[in-house]
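# A closer look at the structure
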Amino acid sequence: MEKMILNLNAALELLDNDKDLLKILMESFMNEMPFDEATLDKLIADKDDAKAANYVHAVKGAGRQLCAERLSAAGQALEDVLRHKTQGDPLPLAQKMKEEYAIALAEIKNQYKTLS
């Protein structure tokens, strides 16, 4: 099954259908979970795999709480390479994560408006 940008039904199910809690998590993602592409790029360029993996993990985890499936998958793939669990080039994986973050953020903002 193809992963969704934002699976609100699954997110609500995880939260026992508490829309207010979902809105709080969305607000946190939009305002308190800043993802800075330059920070990620610098950590990767500096070969600081542990810090880069921790940075990715935090963003991926915040997305996972909202069932941002594509962001979570992209983050997991990058984190696995940075933690040396799998082989791969982190640069294209980082680019994919950045793209999925932007898409997820736009969808979260859009869906947040419909819940308000």
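The notes below deal with the structure included here.

Here is what the cut-offs are and how they apply
Residues numbered from 1 in each chain as written. Predicted model: local features only at pLDDT ≥ 70, side-chain atom pairs only at ≥ 80, totals over all residues. Heavy atoms only, no water. Helix = DSSP H or I, 4+ residues; strand = E, 2+ residues; numbered from the N terminus. Buried < 20%, exposed > 50% of the residue type's maximum accessible area, 1.4 Å probe, protein only. Contact = heavy atoms within 4.5 Å. Areas by Shrake-Rupley, 256 points an atom, 1.4 Å probe, with all protein chains shown as cover. Lys, Arg positive; Asp, Glu negative; His and termini not counted. Charge placed at Lys NZ, Arg CZ, Asp CG, Glu CD. Salt bridge = Lys/Arg side-chain N within 4 Å of Asp/Glu carboxyl O. Phe/Tyr/Trp six-rings, centres within 6.5 Å; stacked < 30°, edge-to-face > 60°. Expected span 1.5 Å × (residues − 1). Core = buried A, V, L, I, M, F, W, Y, C linked by side-chain atoms within 4.5 Å.

## Details of the overall build of the protein chain
Along its length, the protein chain carries 6 helices and 0 strands. The linear arrangement of helices and strands in the protein chain, starting from the amino end, is α-α-α-α-α-α. Across its three principal axes, the protein chain shows a C-alpha extent of roughly 40 × 30 × 20 Å. Across the 116 residues of the protein chain, 41% fall into the buried class. Counting only contacts in the protein chain whose residues sit at least 6 apart along the sequence, the fraction spanning at least 24 positions is 66%. Total accessible area on the protein chain is roughly 6,800 Å²; 52% of this is exposed by carbon and sulfur atoms. When the 15 positive and 20 negative side-chain charges of the protein chain are each reduced to one mean point, those points stand 2 Å apart.

## Side note on the pattern of salt bridges
On inspection of all chains with the given rule, the structure shows 6 salt bridges. Across the pair Arg83 and Glu79 runs a salt bridge, and its minimum N-O distance is 2.8 Å. The network of salt bridges with common partners includes Lys60, Glu79 and Arg83.

## A short note on the packing of aromatic side chains
Tallied over the full model, the rule gives 3 aromatic pairs. With a centroid separation of 5.5 Å and 35 degrees between ring planes, the pair formed by Phe29 and Tyr101 is classed as tilted. Taken together, the residues Phe29 in helix H2 (residues 19-31) and Tyr101 in helix H6 (residues 90-115) connect sequence positions 72 residues apart. The exposure classification of Phe29 matches that of Tyr101, with both residues buried. Between Phe35 and Tyr55, the aromatic rings sit 5.8 Å apart at their centres with planes inclined by 25 degrees, giving stacked as the arrangement. Note that Phe35 is positioned in the loop between H2 and helix H3 (37-45) and Tyr55 in helix H4 (residues 49-65), a separation of 20 residues in sequence. The class of Tyr55 is buried, set by a relative accessible area of 18%. One aromatic cluster is present, formed by Phe29, Phe35, Tyr55 and Tyr101 through successive ring pairs.

## Notes on the side chain of Glu100
Among the structural elements, Glu100 can be located in helix H6. For Glu100, the contacting residues outside a window of four places in its chain are Arg70, Leu71 and Ala74.

## Section: helix H5 (residues 69-82)
The first and last C-alpha atoms of H5 sit 20 Å apart over 14 residues, in line with the 20 Å expected at 1.5 Å per residue. Buried residues along H5 sit against H2, H3, H4 and H6. Where H5 ends, the next residue or the one after it, His84, has phi of about 65 degrees, a positive value.

## Remarks on the nonpolar core
In this structure, Leu22, Met26, Phe29, Leu40, Leu66 and Met97 are the most contacted members of the largest nonpolar core, which totals 34 residues. Residue assignment for this core shows that the elements contributing at least two residues are helix H1 (8-14), H2, H3, H4, H5 and H6. Ranked by residues supplied to this core, first place goes to H6 with 7 residues. If near-sequence neighbours (up to four positions away) are discounted, Leu66 is found in contact with Leu6, Asn7, Ala11, Leu22, Leu25, Met26, Phe29 and Ile108.

All we've got here are geometric facts, nothing functional implied.
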